[in-house]
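Here is what each chain is made of, one letter per residue.
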Amino acid sequence: MTNVIRKIKTVVGCGLLAMLTACNGILDDIYDEPATPAAGDIYIDASDWTQWHYIDLHALKEATDKGEMLEQVYTTYDIPLEKADSYDADSTGIFTYWYDVFGEGVSNNEFRESYPTVRQPEPEHWDLAFHRNNVRTNGGAAIETSITDISKVGSHSVFSTIDFVCDTWNQTDVWTVQDRMLQGIVGNQRIKINTELGKWLRLDIPPMPPAFTHNSNVFVVRLADGTYAAIRLKNYIGTTNRKCQLTIEYKYPI
């Protein structure tokens with residue numbers, strides 16, 4: 001299993017369902033102009049269909065507390081395709097569906113086949129993971145706010161009485177296997193994702209090519225240890241003009 005570590009620079013103290021190959025190809029420039037990440041942003045190239053990318057907010061805080069110029073590290077693991085003997089409570093799998101991408105849209109779909117896989121690899125310590133427009137937490141939960149300026153997010157005590165959305169099992173949205181995509185048939189990874197955080201980048205089919213809707217609101221994440229973070233998707237187009245290259249503004253802890 002491939003374990004790739006990529007590094008991006010950030011200044012300490014500063015604060016995801018892609019459809020069809022047009023998402024990354026010659027039509028990439030018809031939606032928005034690409035943006036170069038500013039210092040202090042987390043930049044993650046999450047455009048690959050076959051990978052999850054993990055960040056550790058606790059490690060970020062530790063470096064910040066030391067007053068260092070940080071080289072932020074995110075760790076990348078491939079989505080496993082190897083068959084397992086059976087499903088267990090935590091196992092992932094590949095679930096193949098047909099999607100009516102040229103008709104009524106992806107909401108009209110039909111199950112084709114599935115098989116269990118080995119568990120999704122992950123680092124020993126992580127808080128958030130990204131696959132295109134999909135987001136996972138490590139035992140956490142999230143809410144969307146109406147705030148668009150992350151500096152205006154107050155103390156976590158403001159959110160203590162609000163019901164947060166936990167990760168749930170999903171088998172239709174983490175598009176992974178593309179070999180029959182021209183027939184509208186896609187293999188999805190069965191895994192827990194956070195549908196609330198997934199609201200920050202929506203992809204709709206129809207039309208074709210897919211329509212991207214960028215939500216620039218701040219999301220608050222309650223981590224597994226009870227601490228809180230604020231994150232905001234500043235841009236979903238990277239320096240190479242590809243969709244799902246994410247520039248993420250963060251504030252941790254709040």
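Just so we're clear, the structure is a prediction, and the values are computed from it rather than from any experiment.

### Considerations on the overall build of the protein chain
Part 1 of the argument: Of regular secondary structure, the protein chain possesses one helix and 18 strands.
Part 2 of the argument: Per-residue burial over the protein chain gives 50% buried out of 254 residues.
Part 3 of the argument: For the protein chain, the accessible area works out to roughly 11,600 Å², and carbon and sulfur atoms hold 50% of it.

### Some points on the sheet that holds strand S18 (residues 243-251)
Strand-to-strand pairing in sheets goes through backbone hydrogen bonds, with the strands running parallel or antiparallel.
Part 1 of the argument: One open sheet holds the six strands; their spatial order is S2-S18-S17-S16-S9-S10, and the pairing between them is antiparallel. The open sheet has two free edges, formed respectively by strand S2 (42-45) and strand S10 (165-166), since each of these has just one partner strand.
Part 2 of the argument: Pairing between strand S17 (residues 228-237) and S18: six bridges, direction antiparallel. Across the sheet, residue Ile237 finds its bridge partner in S18, namely Lys243.

### Quick word on the packing of aromatic side chains
Part 1 of the argument: Tallied over the entire structure, the rule returns eleven aromatic pairs.
Part 2 of the argument: Where Tyr54 meets Tyr77, the ring centres are 5.8 Å apart and the plane angle is 80°; that geometry is what we call edge-to-face. Residue Tyr54 is located in strand S3 (residues 51-55), and its partner Tyr77 is located in strand S4 (residues 70-78); the two are separated by 23 residues in the primary sequence. As far as burial versus exposure is concerned, Tyr54 and Tyr77 are alike and both buried.
Part 3 of the argument: Taken together, a centroid distance of 5.6 Å and an interplanar angle of 75° make the contact between Tyr97 and Phe111 edge-to-face.

### A closer look at the nonpolar core
Part 1 of the argument: Of all hydrophobic cores here, the largest spans 29 residues; its most connected members are Leu57, Phe130, Trp200, Ile231 and Ile248.
Part 2 of the argument: Ranked by residues supplied to this core, first place goes to S17 with five residues.
Part 3 of the argument: Contacts of Ile248, omitting those with residues within four sequence positions, involve Asp41, Ile42, Ile44, Phe130, Trp200, Ile231, Arg232 and Leu233.
Part 4 of the argument: Grouped together as the second largest cluster of nonpolar side chains are eleven residues, Ile143, Phe164, Tyr228 and Ala230 included.

### A word on the pattern of salt bridges
Part 1 of the argument: Enumeration according to the criterion identifies nine salt bridges in this entry.
Part 2 of the argument: A salt bridge links Lys234 to Asp41; the nearest nitrogen and oxygen atoms lie 3.2 Å apart. Remark: Asp41 occurs in the loop between strand S1 (3-10) and S2 and Lys234 occurs in strand S17; sequence separation between them is 193 residues.
Part 3 of the argument: Here Asp41 falls in the buried class, since its relative accessible area comes to 5%.
Part 4 of the argument: Between Lys199 and Glu196 there is a salt bridge, with its nearest N and O atoms 2.9 Å apart.

### Comments concerning the side chain of Thr96
Part 1 of the argument: With respect to the secondary-structure elements, Thr96 resides in strand S5 (residues 93-100).
Part 2 of the argument: What makes Thr96 buried here is its relative accessible area of 7%.
Part 3 of the argument: If we ignore the near neighbours within four places in the chain, the residues touching Thr96 are Glu110, Phe111, Arg112, Glu113, Arg180, Ile185, Val186 and Gly187.

### Here's the deal with the environment of Asp90
Part 1 of the argument: As for its placement among the helices and strands, Asp90 is situated in the loop between S4 and S5.
Part 2 of the argument: Residues Asp90 and Val118 lie 28 residues apart in sequence; the distance between their C-alpha atoms is 9.4 Å.
Part 3 of the argument: Residues contacting Asp90, with those up to four places away along its chain left out, are Arg119 and Trp169.

### A short note on unusual backbone geometry
Leaving glycine aside, a negative phi is the common case for residues, and trans is the common case for peptide bonds.
Part 1 of the argument: Between Tyr252 and Pro253 the backbone carries a cis peptide bond, its omega angle lying at -5°.
Part 2 of the argument: With respect to the secondary-structure elements, Pro253 resides in the segment after S18.
Part 3 of the argument: Of note, Cys244 is a non-glycine position whose phi angle comes to about 70°, a positive value.
Part 4 of the argument: The topology assignment puts Cys244 in strand S18.
Part 5 of the argument: Judged by relative accessible area, Cys244 falls into the buried class, the value being 0%.

### Quick notes on the layout of surface pockets
Part 1 of the argument: Of the pockets and cavities examined, the largest pocket occupies roughly 310 Å³.
Part 2 of the argument: Lining the largest pocket are 15 residues, with Asp90, Arg119, Glu122, Arg136 and Lys192 positioned closest to its centre.
Part 3 of the argument: Listed by contribution, the elements that provide at least two residues to the lining of the largest pocket are strand S8 (134-137) and strand S13 (185-193).
Part 4 of the argument: Considering only residue class, the lining of the largest pocket consists of three nonpolar, six polar and six charged.

Cut-off values and rules
- Residues numbered from 1 in each chain as written.
- Predicted model: local features only at pLDDT ≥ 70, side-chain atom pairs only at ≥ 80, totals over all residues.
- Heavy atoms only, no water.
- Helix = DSSP H or I, 4+ residues; strand = E, 2+ residues; numbered from the N terminus.
- Buried < 20%, exposed > 50% of the residue type's maximum accessible area, 1.4 Å probe, protein only.
- Areas by Shrake-Rupley, 256 points an atom, 1.4 Å probe, with all protein chains shown as cover.
- Pairing = 2+ DSSP bridges.
- Phe/Tyr/Trp six-rings, centres within 6.5 Å; stacked < 30°, edge-to-face > 60°.
- Core = buried A, V, L, I, M, F, W, Y, C linked by side-chain atoms within 4.5 Å.
- Contact = heavy atoms within 4.5 Å.
- Salt bridge = Lys/Arg side-chain N within 4 Å of Asp/Glu carboxyl O.
- 1 Å grid on protein atoms, 1.4 Å probe; cavity = no way out; pocket = protein on both sides within 12 Å on 5 of 7 lines; lining within 4 Å.
- Points joined across faces, edges and corners; volume = space filled by probe spheres on them.
- Nonpolar A, V, L, I, M, F, W, Y, C, P; charged D, E, K, R; others polar.

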